[in-house]
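Listed here are the chains, written in short residue letters.
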Amino acid sequence: MTKPGYEHTVAHIHHIPDECTIIEFKADFYKSIKKHYSHAFFADNDLHSLQISTTPETEFLHFQLMRLLFSRNYGKLQLDGIVLDIIEKTLGAIAEPRNEKKISARLKKNHLITIEQAKAFIIEEFDNDISLIDIADECCISPFHFSRIFKTFTSCSPYQFLLSVRLKNAEMLLKTSASPIADVAYVSGFNSVEHFTASFTARYSLSPGRFREQYV
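Residues numbered from 1 in each chain as written. Predicted model: local features only at pLDDT ≥ 70, side-chain atom pairs only at ≥ 80, totals over all residues. Heavy atoms only, no water.

(A) A look at the pattern of salt bridges. Counted according to the given criterion, the structure contains 7 salt bridges. The shortest N-O distance in the salt bridge between Glu 171 and Lys 175 comes to 2.8 Å. Within this pair, Glu 171 and its partner Lys 175 are both found in helix 8 (residues 158–176), separated by 4 residues, close to a single helical turn. One salt-bridge network, in which partners are shared between bridges, spans Asp 85, Lys 168, Glu 171 and Lys 175. (Salt bridge = Lys/Arg side-chain N within 4 Å of Asp/Glu carboxyl O. Helix = DSSP H or I, 4+ residues; strand = E, 2+ residues; numbered from the N terminus.)

Structure follows, in structure tokens:
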């Protein structure tokens, strides 16, 4: 994320570049959101940009954002809502930094594209009953080896990544639609309402119904 009017540089730990998306605020939009945050990013004029590693949630939000932009069938309010959600996730990651393992240049060179391909496959197919073998086959790698390197790159297992994407989709639907909770569960890839309710409550400390009440 970059403040308006400043130049920025994207730096990489290794000589192998990572994929990144840059959100550059327009001046008017930046002024409006600045009023609602006390984070140092908005208060410190010497802090011009923030760069963080993604999480399953921000990966999914980014996918939704790009899908809408390429479809050319969207409303500005819908896009702004996703951008604001990305901002909240980004600031939360800065406030509570994760202890990330350093990934060797050799591992990045051999498997960075593989992991990006796997994440894209999971995000596109999250509403289907996909298996570890399905993802590994998509990436042309053995399931055991894939599972190990995926966790090295993302700090979570393929299933945890998939679960986070499904829960994020459910969260967005609960906020923005009046669909029955059972429909939200199945559209988000859960095979039972009970599993969805238990997983959602464990993640958000609220049942889906109680969570939705906050946005009615």
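The discussion continues.
(B) Quick peek at the packing of aromatic side chains. For the structure on display, the rule yields 9 aromatic pairs. Ring centres 5.6 Å apart and planes at 55° place the aromatic pair Phe 196 and Phe 200 in the tilted group. Of the two residues, Phe 196 and Phe 200 are both situated in helix 10 (residues 193–204); the distance of 4 residues between them amounts to about one turn of the helix. For the pair Phe 196 and Phe 200, a shared accessibility class is recorded, and that class is buried. Taking the centre distance of 5.5 Å and the plane angle of 55° together, the rings of Tyr 204 and Phe 211 count as tilted. (Phe/Tyr/Trp six-rings, centres within 6.5 Å; stacked < 30°, edge-to-face > 60°. Buried < 20%, exposed > 50% of the residue type's maximum accessible area, 1.4 Å probe, protein only.)

(C) Unusual backbone geometry, seen in detail. In the Ramachandran plot, Cys 140 falls in the positive-phi region, its phi being about 55° despite a non-glycine side chain. Summarising the element assignment, Cys 140 is placed in the loop between helix 6 (132–138) and helix 7 (143–154). We classify Cys 140 as exposed; its relative accessible area is 72%. Notably, Ser 205 is not glycine yet its phi reads approximately 60°, a positive angle. Within the fold, Ser 205 resides in the loop between helix 10 and helix 11 (208–213).

(D) Representation of the packing of helix 8 against helix 10 within the structure. Close contact between helix 8 and helix 10 brings their axes to 11 Å; oriented N to C, the two are set at 90°. As far as their axial angle goes, helix 10 and helix 8 are roughly perpendicular. On the side of helix 8, the interface is formed by Tyr 159, Leu 163, Ser 164, Leu 167, Lys 168, Ala 170, Glu 171 and Leu 174, while helix 10 contributes His 195, Phe 196, Ser 199, Phe 200, Arg 203 and Tyr 204. Of the residues belonging to the contact of helix 8 with helix 10, the class tally is 8 nonpolar, 3 polar and 3 charged. (Axes fitted to C-alpha atoms, helices over the stretch in contact; angles between N-to-C directions. Parallel < 35°, antiparallel > 145°, perpendicular 65-115°, else oblique. Contact = heavy atoms within 4.5 Å. Nonpolar A, V, L, I, M, F, W, Y, C, P; charged D, E, K, R; others polar.)

(E) Structural context of a negative patch on the surface. A cluster of like negative charges, contributed by Glu 124, Asp 129, Asp 134, Asp 137 and Glu 138, occupies part of the molecular surface. Mapped onto the fold, Asp 129 is located in the loop between helix 5 (105–125) and helix 6. The exposure class assigned to Asp 129 is exposed, which follows from its relative accessible area of 75%. (Patch = residues over 30% accessible without salt bridge, like charges linked within 9 Å, V, L, I, M, F, W, Y side chains within 5 Å. Areas by Shrake-Rupley, 256 points an atom, 1.4 Å probe, with all protein chains shown as cover. Lys, Arg positive; Asp, Glu negative; His and termini not counted. Charge placed at Lys NZ, Arg CZ, Asp CG, Glu CD.)

(F) Broad picture of the packing of helix 5 against helix 8. In the contact formed by helix 5 and helix 8, the axes pass within 10 Å of each other and the chain directions differ by 40°. Taken together, the axis directions place helix 5 and helix 8 in an arrangement best described as oblique. Crossing hand, helix 5 versus helix 8: right-handed. For the pair helix 5 and helix 8, contact is made by Lys 119, Ile 122 and Ile 123 and by Pro 158, Phe 161, Leu 162 and Val 165, respectively. (Left-handed = near helix turned anticlockwise from the far one by under 90°.)

(G) Focus on the nonpolar core. Counting 40 residues, the largest nonpolar core has Met 1, Phe 25, Phe 146 and Phe 150 as its most contacted members. Of all elements in the fold, only helix 1 (27–34), helix 2 (40–43), helix 3 (56–71), helix 4 (76–95), helix 5, helix 6, helix 7 and helix 8 reach the threshold of two or more residues within this core. Leaving out residues up to four positions away in the same chain, Phe 150 has contacts with Ile 115, Ala 118, Lys 119, Ile 122, Ser 155, Cys 156, Ser 157, Pro 158 and Phe 161. Among the nonpolar cores identified, the runner-up in size contains 10 residues, and Val 184, Ala 185, Phe 190 and Phe 200 belong to it. (Core = buried A, V, L, I, M, F, W, Y, C linked by side-chain atoms within 4.5 Å.)

(H) View of the side chain of Glu 59. Within the secondary structure layout, Glu 59 lies in helix 3. A distance of 2.8 Å separates a polar atom in the side chain of Glu 59 from a polar atom in the side chain of Thr 54. Not counting chain neighbours up to four residues away, the residues in contact with Glu 59 comprise Thr 54, Lys 119, Ile 123 and Phe 161. (Polar contact = N/O pair within 3.5 Å; in protein donor to acceptor, adjacent residues only side chain to side chain.)

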